[in-house]
Amino acid sequence: MRTADARLTDGRGGSTAAAGSGLPEDGAPGTGSTGAGLPGGEPADAGTIPPDSGAPMTAPDGSRTHGPLARRLTVLSGPSGVGKSTVVAEIRRSHPRVWLSVSVTTRAPRPGETHGVQYFFVDDAGFDRLVAEGELLEWAEFAGNRYGTPRKPVEERLARGEPVLLEIDLQGARQVRQTMPQAQLVFLAPPSWDELVRRLTGRGTEPPEVIERRLDAARVELAAEKEFDLTLVNTSVRDVCSELVTLMAVQ
Ligand code: 5GP
């Protein structure tokens, strides 16, 4: 794999309006979902929490996150079309030990996408409710839709010491940087701008105006590469996956 110089930076992203801190009992998504609820919560196994767990940190929104618990959290970000979801699908197949967060989105499902697998599909009111009740670890608006990470399942896996991977956009990565500074932020870069345009337009799932918005967002995302702990260039999905699981210290 060509790892675009494994740059190590101390970049720290700016803060954004993350969700509140409440953890409601009811984890069901709002209307617009097609059946499965958000993943339910099992009790965390405190025995797996590292003994040197420090004091909880307080996020800008008042929510608290145990920093050391975030050690096993890896965030994969990068421009739309770079191949993040392909990498995630390959990791799901080849490394089942890595727990992959399933995001909530207001975007309509693409052909072949299943509620509860690629995303939990909710409508605007359902998303509003998740934000208001603090059920999202981070969330962002991207190209006209909203996306967010359900908080509870991530916190439970981290409490059990399990490796967790989030595939989210730049705004979400910045929020995680703020609330969980020990998370590892990995930037997935395209081999070239032309290749990114080719992948985005070749996907054939979005109308031209949506592709344009995604290319605009991609310019912003590419400019933020230095905020990440390191960069992987997506020349080979298999190579990126193997590099990523090595970074996550998954045996
Ligand atoms: P897509 O519509 O192509 O599936 O995703 C659009 C963008 O939303 C991608 O950059 C993807 O990484 C990002 N995304 C997916 N889930 C989340 C999430 O939970 N939070 C944030 N902030 N971004 C997400």
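Refer to the structure above for everything that follows.
Residues numbered from 1 in each chain as written. Predicted model: local features only at pLDDT ≥ 70, side-chain atom pairs only at ≥ 80, totals over all residues. Heavy atoms only, no water.

A. Representation of the overall build of the protein within the structure. In terms of helices and strands, the protein carries seven helices and eleven strands. Within the protein, buried positions represent 48% of all 251 residues. Long-range contacts, defined as pairs at least 24 residues apart, comprise 73% of the intrachain contacts of the protein with a sequence gap of at least 6. When the accessible area of the protein is evaluated, it comes to approximately 11,200 Å², of which 53% is carbon and sulfur surface. (Helix = DSSP H or I, 4+ residues; strand = E, 2+ residues; numbered from the N terminus. Buried < 20%, exposed > 50% of the residue type's maximum accessible area, 1.4 Å probe, protein only. Contact = heavy atoms within 4.5 Å. Areas by Shrake-Rupley, 256 points an atom, 1.4 Å probe, with all protein chains shown as cover.)

B. Up close: the site of the ligand. Around the ligand there are 16 residues in total, and Ser-103, Arg-107, Tyr-119, Tyr-147 and Glu-167 lie nearest to it. Within the contact set of the ligand, a nitrogen atom lies 2.7 Å away from a side-chain nitrogen or oxygen of Asp-169. When the free accessible area of the ligand is taken as 510 Å², the share hidden by the protein chains comes to 95%. Judged by the proximity of its atoms to the pocket grid, the ligand belongs to the largest pocket. Among the secondary structure elements, those contributing two or more residues to the shell around the ligand are strand 7 (136-142) and strand 8 (145-150). Taken together, the residues that form the shell around the ligand break down as five nonpolar, four polar and seven charged. (Near = heavy atom within 4 Å. Polar contact = N/O pair within 3.5 Å; in protein donor to acceptor, adjacent residues only side chain to side chain. 1 Å grid on protein atoms, 1.4 Å probe; cavity = no way out; pocket = protein on both sides within 12 Å on 5 of 7 lines; lining within 4 Å. Sits in = over half its atoms within 2 Å of the grid points. Nonpolar A, V, L, I, M, F, W, Y, C, P; charged D, E, K, R; others polar.)

C. Here's a closer look at the packing of helix 5 (residues 193-202) against helix 6 (residues 208-223). Where helix 5 contacts helix 6, the two axes come as close as 11 Å, and the packing angle between them is 150°. In this structure, helix 5 meets helix 6 at a crossing whose hand is right-handed. Contact with helix 5, carried on its side by Trp-193, Leu-196, Val-197, Leu-200 and Thr-201, involves Ile-211, Arg-214, Leu-215, Ala-218, Arg-219 and Leu-222 of helix 6 and no other residues of that element. (Axes fitted to C-alpha atoms, helices over the stretch in contact; angles between N-to-C directions. Left-handed = near helix turned anticlockwise from the far one by under 90°.)

D. Molecular detail of the layout of surface pockets. Looking at the largest pocket, its volume works out to about 730 Å³. In terms of lining, the largest pocket is formed by 39 residues, of which the most central are Lys-84, Ser-85, Arg-107, Tyr-119 and Glu-167. Those elements giving two or more residues to the lining of the largest pocket turn out to be helix 1 (84-94), strand 7, strand 8, strand 9 (164-167) and helix 6. By residue number, the principal contributor to the lining of the largest pocket is helix 1, which donates six residues. For the lining of the largest pocket, the class distribution of residues is 16 nonpolar, twelve polar and eleven charged. (Points joined across faces, edges and corners; volume = space filled by probe spheres on them.)

E. Seen up close, the pairing of strand 8. With respect to burial, strand 8 is a largely interior element, six of its six residues being buried. Looking at chain direction, strand 7 and strand 8 are connected through six bridges and run antiparallel. Its bridge partner being in strand 8, Leu-136 is matched across the sheet by Pro-150. Connecting the antiparallel pair strand 7 and strand 8 is a turn made up of two residues, with Ala-143 showing a positive phi of about 45°. (Pairing = 2+ DSSP bridges.)

F. Spatial organisation of the pattern of salt bridges. Counted by the stated rule, this structure contains 14 salt bridges. Residues Glu-155 and Arg-151 are paired through a salt bridge, measuring 3.6 Å at the closest nitrogen-oxygen approach. You can see Glu-155 and its partner Arg-151 sitting in helix 3 (residues 151-159), four residues apart, about one turn around the helix. Exposure remark for Arg-151: the relative accessible area of 3% places this residue in the buried category. Residues participating in the shared-partner salt-bridge network are Asp-124, Asp-128 and Arg-146. (Salt bridge = Lys/Arg side-chain N within 4 Å of Asp/Glu carboxyl O.)

G. Structural context of the sheet that holds strand 6 (residues 119-121). Pairing is mixed across the open sheet formed by four strands, whose spatial order is 6-5-8-7. The two strands at the open ends of the sheet, each matched to only one other strand, are strand 6 and strand 7. Neighbouring strand axes in the sheet, compared pairwise and without regard to direction, differ in orientation by 25° on average.

H. Inspection of the environment of Val-98 at higher detail. In this structure, Val-98 sits in the loop between helix 1 and strand 4 (99-100). Here the alpha-carbon distance between Val-98 and Leu-165, two residues 67 residues apart in the chain, equals 6.9 Å. Leave out the neighbours within four places in its chain, and Val-98 touches Ile-91, Pro-163, Leu-165, Val-245, Met-248 and Val-250.

I. Structural context of the sheet that holds strand 4. On the basis of which strands lie adjacent, the open sheet formed by five strands has the order 4-9-3-10-11 and parallel pairing. At either margin of the open sheet sits one strand with a lone partner, and together these are strand 4 and strand 11 (230-233). Alignment of strand 4 against strand 9, held across two bridges, turns out to be parallel. The residue bridging Trp-99 from the neighbouring strand is Val-164, located in strand 9. Where helix 1 meets the sheet, it contacts strand 3 (73-77), strand 4, strand 9 and strand 10 (184-189), and its direction lies at approximately 155° from that of strand 9.

Structural measurements only, silent on function.
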